[in-house]
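# Fold and geometry: a report
The primary structure of each chain is shown beneath.
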Amino acid sequence: MGKVNLAALIESAEVFKNYLNINIFSEPCNIIAVTGIALTAGIIGFFALQNFLFSRIEIKDFKTRQLIPTSRYIPKKPFSYAVYKQFITHKGALIILLILGIQIYLATNYRIEFSSDDMQYRAYCVQFSEMTERQADEFAEAEKRRFEELHERVLTADFNESMKIYDELNAESGFERAYKQQRYISALDSDNKAMFYQTGWRRLFGADGYAEDMRLTLFAALGICFGISPLIAYDNRRRLGYLLYTNLHGKREYFRRNIAVSAIASILISAVINAPHIIGILSLYRTEGMDFSIRCIPEFERFFDIPIATYIAVLCVLRTVSLILCGWMILFISAKCKNVSAVLLISMAIFALPVMLYLAGAEFVLPLCMPFSVNWEIIENAWWYIVIMFGFCIVTGIYIQLKRLKKFMQ
């Protein structure tokens, strides 16, 4: 009677899992629940504290504090002063530089997650790329037979021999990935297709998960929340509206300038987030396959037949437009508040809190996250994001026109 290696029949993948609990007084608690409760309690506590502090501050009708100038040069033109106020007085430039520094630090510390599976997958990709379709099929059949023979041998092998066989079987999952990709590309209806290593592109485009995209989204949300929240609310607190109404078009031009300044701030925040991330990924995985169609990646099968380099540019533009629209939403909230802290808390609850919960493991909040992490799935299902954003713009426009009509009638 031959020997039977029972270890080969055990599926140990389910035994080892990520530990998603946090120990509180030696008791394991769910990390999603703990994170949600902690964030909610922190927001409520901060809101209560700022209400307590501001309730003790008296702002007299015609008295303003003497501000210490941050620069000897203060622009005289209205738009230049709006830019100066955003980036110098409200520390918008400091926020952008801080995000840039964090992104550069993280990008320089990106690492390739080396695994036997991915290394074998890369090696098979190189082999398949040098073969014709017929040669690739013959090579794949030979590899399949070899792996089948190894599976049969491991059941009757002794311990030392089974370890050697397992070393050879480590290449099987990499081969299956590469062969599946090769069959997909062979059947793809595109004139600009090729077989190439895709792990770097999949990481850049979020094809294997949203964790890295959501980290970028969190930085973007914090950037626009802290950068744009004071833009109008601070002036409301100082009762600047009394001066705006003294000019026929003063308030209209004031809002136009702030809309433009918030768009500039959103563009800069998008640039300092996207550029280091893209450069960091490409420096690790190189640019192999950049000239070929984005449809070579299976998740983009139904996308337009454009090169990967063009898709990167489209991705950056979509992310920037998304951030601009979100910035305008914060600007609208800022225009309705006289307290910068209140604007900050509301905008953080809308844009940052869902992202924090998602990063903690609450995947069900993904539809509530701001669409800065534009990726393949969001692009395919972008209709409802477009409806929300354009609906917000239309409702805001109608609201403004109704207010003008009401003033005209009065």
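As the structure is a computational prediction, the values presented were derived from the model and not from experiment. Position numbers for residues count from 1 along each chain, tracking the sequence in the order it is written. Totals for whole chains, interfaces and linings use every residue, but because this is a predicted model, local features are given only for residues with pLDDT of at least 70 and side-chain atom pairs only at 80 or more, for both listing and counting. Each side-chain value is worked out from all heavy atoms of the structure, with water and hydrogens disregarded.

## Quick notes on the overall build of the chain
Stated precisely, the cut-off is as follows: In this description a helix means any DSSP run of H or I spanning at least four residues, a strand means any run of E spanning at least two, and both kinds are numbered starting from the N terminus. Exposed residues in this analysis have more than 50% of their type's maximum accessible area, buried residues have under 20%, and partly exposed residues fall in between, with area computed by a 1.4 Å probe over protein chains only. Note on definitions: a residue-residue contact is assigned when non-hydrogen atoms from the two residues lie within 4.5 Å. Calculation of accessible area relied on Shrake-Rupley with a 1.4 Å probe; when residues are assessed, cover is drawn exclusively from the protein chains displayed.
The helix and strand tally for the chain stands at 16 helices and two strands. Here the chain holds 410 residues, and the buried ones make up 40% of them. Here the contacts in the chain between residues at least 6 apart in sequence split such that 75% fall between residues at least 24 apart. Accessible surface, the chain: about 24800 Å² in total, of which carbon and sulfur atoms supply 64%.

## Some thoughts on the pattern of salt bridges
For clarity, the threshold we go by: Think of a salt bridge as a Lys or Arg side-chain nitrogen and an Asp or Glu carboxyl oxygen that are within 4 Å of each other.
Applying the stated criterion to the full structure yields 13 salt bridges. As a salt-bridge pair, Arg134 and Glu138 come within 3.5 Å of each other at their nearest N and O atoms. Here Glu138 and Arg134 lie together in helix H5 (residues 133–154), a separation of four residues that amounts to about one turn. The exposure class assigned to Arg134 is exposed, which follows from its relative accessible area of 65%. Through salt bridges with shared partners, a single network forms among Asp117, Asp118 and Arg177.

## Examining a nonpolar patch on the surface
For clarity, the cut-off: Each patch is built from residues lacking any salt bridge and having more than 30% relative accessible area; the joining distance is 9 Å for like charges and 5 Å for nonpolar side chains (Val, Leu, Ile, Met, Phe, Trp, Tyr).
On the surface, Ile394, Ile398, Leu402 and Leu405 cluster together into a nonpolar patch covering about 400 Å² of accessible area. Along the chain, Leu402 turns up in helix H16 (residues 383–409).

## Observations regarding the packing of aromatic side chains
Our working definition: What counts as a ring pair is set by centres within 6.5 Å for rings of Phe, Tyr and Trp (its six-membered ring), and what kind of pair is set by the plane angle: stacked under 30 degrees, edge-to-face over 60, tilted for all other angles.
Here the structure, examined in full by the defined rule, presents 17 aromatic pairs. Aromatic side chains Phe175 and Tyr179 sit 5.8 Å apart centroid to centroid with 10 degrees between the ring planes, which places their arrangement in the stacked category. A residue pair is termed a helical-turn pair when its members lie 3 or 4 positions apart in one helix, as Phe175 and Tyr179 do in helix H7 (residues 171–187) at four residues. In terms of burial, Phe175 and Tyr179 fall into one category: buried. Taking the centre distance of 5.9 Å and the plane angle of 15 degrees together, the rings of Phe196 and Phe292 count as stacked. Taken as a pair, Phe196 in the loop between H7 and helix H8 (199–204) and Phe292 in the loop between helix H12 (250–285) and helix H13 (308–335) lie far apart in primary sequence, 96 residues in all. Since its relative accessible area comes to 2%, Phe196 is described here as buried.

## Notes on the packing of helix H3 (residues 92–108) against H12
Filter applied, for reference: A fitted line through C-alpha atoms represents every axis, and for helices the fit uses only the stretch in contact; the resulting angles, taken between N-to-C directions, go from 0 to 180 degrees. Angular relationships are summarised with four words: roughly parallel below 35 degrees, roughly antiparallel beyond 145, roughly perpendicular across 65 to 115, and oblique for the angles in between. Three categories are distinguished: nonpolar for Ala, Val, Leu, Ile, Met, Phe, Trp, Tyr, Cys and Pro, charged for Asp, Glu, Lys and Arg, and polar for the others, with Gly belonging to the last.
Orientation of H3 relative to H12, taken along the N-to-C sense of each, is 10 degrees, at an axis distance of 9 Å. If you check the angle between H3 and H12, you find them roughly parallel. Facing H3, whose interface residues are Ile96, Ile99, Leu100, Gln103, Ile104 and Ala107, H12 presents Leu268, Ile269, Val272, Ile273, Pro276, His277 and Gly280. Of the residues in the contact of H3 with H12, the class split is ten nonpolar, three polar and no charged.

## Topic: the confidence of the model for the chain
Applied cut-off: The quantity called pLDDT is the predictor's confidence in a given residue, expressed from 0 to 100.
Scored by pLDDT, the chain has a mean of 78; 76% of the residues are at 70 or more. Low pLDDT, under 50, characterises residues 59–70; the predicted model gives this stretch ten contacts beyond four residues in sequence or across chains.

## Quick word on the nonpolar core
Spelled out, the test is: By nonpolar core we mean a set of buried residues, namely Ala, Val, Leu, Ile, Met, Phe, Trp, Tyr and Cys, connected to one another through side-chain atoms within 4.5 Å.
Tyr124, Phe128, Trp201, Phe205, Ile294, Tyr311 and Ile312 are the most contacted members of the largest nonpolar core, which totals 44 residues. Residues in contact with Phe128, not counting those within four places in the same chain, are Ala136, Phe139, Phe175, Ala178, Tyr179, Gln182 and Met195. Counting residues in each nonpolar core, the second largest holds 39 residues, with Phe219, Ile228, Val355 and Leu357 among its members.

## Things to note about helix H4 (residues 116–129)
Note: α-helices contain 3.6 residues per turn, so residues at a spacing of three or four share the same orientation. The criterion, for reference: In this analysis, the expected span of each helix is defined as 1.5 Å times one less than the number of residues it contains. Throughout, the arc means the angular range of directions from the helix axis out to the C-beta atoms.
Taking 1.5 Å per residue as the helical rise, H4 with its 14 residues ought to reach 20 Å, and the 20 Å between its terminal C-alpha atoms agrees with that figure. The complete set of buried residues in H4 reads Asp118, Tyr121, Tyr124, Cys125 and Phe128. Each buried residue of H4 lies within a common arc of 125 degrees when the element is viewed along its axis, so the set occupies one face.

## Section: the packing of H5 against helix H6 (residues 159–169)
The condition that has to hold: Crossings are classed by handedness, with left-handed meaning an anticlockwise turn of the near helix from the far one by less than a right angle and right-handed meaning a clockwise turn.
Packing of H5 against H6 leaves a shortest axis separation of 10 Å and a crossing angle of 155 degrees. Viewed along their axes, H5 and H6 adopt a mutual orientation that is roughly antiparallel. Of the two elements, H5 crosses H6, and the hand of that crossing is left-handed. Across from Arg146, Phe147, Leu150, His151, Arg153 and Val154 in H5, the residues of H6 making contact are Glu161, Ser162, Ile165, Tyr166, Glu168 and Leu169. Grouping the amino acids of the contact of H5 with H6 by side-chain chemistry returns six nonpolar, two polar and four charged.

## Observations regarding helix H9 (residues 211–228)
Compared with the 26 Å implied by 1.5 Å per residue over 18 residues, the 26 Å span of H9 between its first and last C-alpha is a close match. Burial analysis of H9 places 15 of its 18 residues in the buried class, the great majority of the element.

## Remarks on unusual backbone geometry
Outside of glycine, negative phi angles account for most residues, and trans bonds account for most peptide bonds. Phi at Lys91 takes a positive value of approximately 60 degrees, unusual for a residue other than glycine. Within the fold, Lys91 resides in the loop between helix H2 (78–89) and H3. Taking the relative accessible area as the measure of exposure, Lys91 reaches 40% and is therefore partly exposed. The phi angle at Arg286 is positive, at roughly 70 degrees, despite the residue not being glycine.

## Side note on the environment of Val83
Structurally, Val83 can be placed in helix H2. What makes Val83 partly exposed here is its relative accessible area of 24%. Look past the residues within four positions of Val83 in its chain and what remains in contact with it is Ile88 and Val261.

## Describing the environment of Leu100
Within the fold, Leu100 resides in helix H3. Separated by 171 residues in sequence, Leu100 and Ala271 place their C-alpha atoms 8.9 Å apart. Setting aside its immediate chain neighbours within four residues, Leu100 contacts Val272 and Pro276.

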